[in-house]
Amino acid sequence: MSRKKKITPEIIIEWYMNSVLISGKPHSIFEFARNNNFEEGDFYKFFSSFESLEKQIFKTFAKETIHMLHKTEAYQDYGSKEKLLSFYFTFFELLTANRSYVLLQLKNNKLDFNKLSVLRELRKEFINFIDGISLEKIDFKNDKINKVQDKTIAESYWIQLLMILKFWIDDESPNFEKTDVFIEKSVKASFDIQQIAPVKSVIDLAKFLWKEKMPMV
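Residues numbered from 1 in each chain as written. Predicted model: local features only at pLDDT ≥ 70, side-chain atom pairs only at ≥ 80, totals over all residues. Heavy atoms only, no water.

Going by what an unreviewed UniProt entry lists, the protein chain is known as TetR/AcrR family transcriptional regulator and is assigned to Tenacibaculum aiptasiae.

Q: Give a detailed account of a negative patch on the surface, specifying residues and quantitative values.
A: Judged by side-chain charge, E93, E177, D180 and E184 come together as a negatively charged surface patch. Here the negative patch takes three residues from helix α9 (residues 177-194), the largest share from any one element. In this structure, E177 sits in helix α9. (Patch = residues over 30% accessible without salt bridge, like charges linked within 9 Å, V, L, I, M, F, W, Y side chains within 5 Å. Areas by Shrake-Rupley, 256 points an atom, 1.4 Å probe, with all protein chains shown as cover. Salt bridge = Lys/Arg side-chain N within 4 Å of Asp/Glu carboxyl O. Lys, Arg positive; Asp, Glu negative; His and termini not counted. Charge placed at Lys NZ, Arg CZ, Asp CG, Glu CD. Helix = DSSP H or I, 4+ residues; strand = E, 2+ residues; numbered from the N terminus.)

Q: Before we move on, can you summarise the packing of helix α4 (residues 50-70) against helix α7 (residues 120-131) with the specific residues and values?
A: One way to put it is that α4 packs onto α7 with a least axis distance of 6 Å and a crossing angle of 25 degrees. When the axis of α4 is compared with that of α7, the two are roughly parallel. Between α4, through K55, F58, K59, A62, K63, I66 and L69, and α7, the contact on the second element is made entirely by R120, E121, L122, E125 and F129. The residue makeup of the contact of α4 with α7, split by class, is six nonpolar, no polar and six charged. (Axes fitted to C-alpha atoms, helices over the stretch in contact; angles between N-to-C directions. Parallel < 35°, antiparallel > 145°, perpendicular 65-115°, else oblique. Contact = heavy atoms within 4.5 Å. Nonpolar A, V, L, I, M, F, W, Y, C, P; charged D, E, K, R; others polar.)

Q: Now, about the pattern of salt bridges: what can you tell me, with residues and values included?
A: Side chains that differ in charge, positive against negative, can pair when their charged atoms come close. Across all of its chains, the model carries five salt bridges by this definition. When the shortest N-O distance is used, the salt bridge between K25 and E54 registers 3.6 Å. Taken together, the residues K25 in the loop between α1 (9-23) and α2 (29-35) and E54 in helix α4 connect sequence positions 29 residues apart. Given the relative accessible area of 40%, K25 is considered partly exposed. Since its relative accessible area comes to 11%, E54 is described here as buried. The partner of E155 in a salt bridge is R123, with the nearest N and O atoms 2.1 Å apart. Residue E155 is located in helix α8 (residues 143-170), and its partner R123 is located in helix α7; the two are separated by 32 residues in the primary sequence. Classification of R123 as partly exposed rests on a relative accessible area of 28%. Through salt bridges with shared partners, one network takes in K25, E51 and E54. (Buried < 20%, exposed > 50% of the residue type's maximum accessible area, 1.4 Å probe, protein only.)

Shown next, in the form of structure tokens:
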């Protein structure tokens, strides 16, 4: 049987996700390549292992989100708050379209999401996005302090994304409507904190989390 000639990382990702969902994780790259009729060597042109492929899948969700946002003409005129909201809503739409795979990778893992290696490349992509949306910051007139501030802000939004991800995994509301509410309240609270006006929105978020009995990260 002739081998398929045009192999792209996107095609390999699609085949892998389908394989994992239908028959479980392949025992070897050889088996995976044979089952999908392509040369094993073509796999290594893009990925070094299944583990690196799995990391790339979550990074791809973020990259595709950013690509879709930049295709929207109005996005360029959004403020940083609207850009972050747009990212979250679009990102979780993509996750919902691939929910079975995401749940299989994350739902039964009892570790802190922040320590999951499969999310490592997603974290890099997301922090690059945060660094590029011109969040309001205080100029401390000191480069070292400003760099610490940048890192702290980026990490805080990464934790926010993980909180939303955990909430979405457990969300049983129709069309994940509660996740949308959580996104809106989380972003509002985080931006109010930056503006030193946190009380009302933080309390509103805390009430929502208490009502949903969500464990904090």
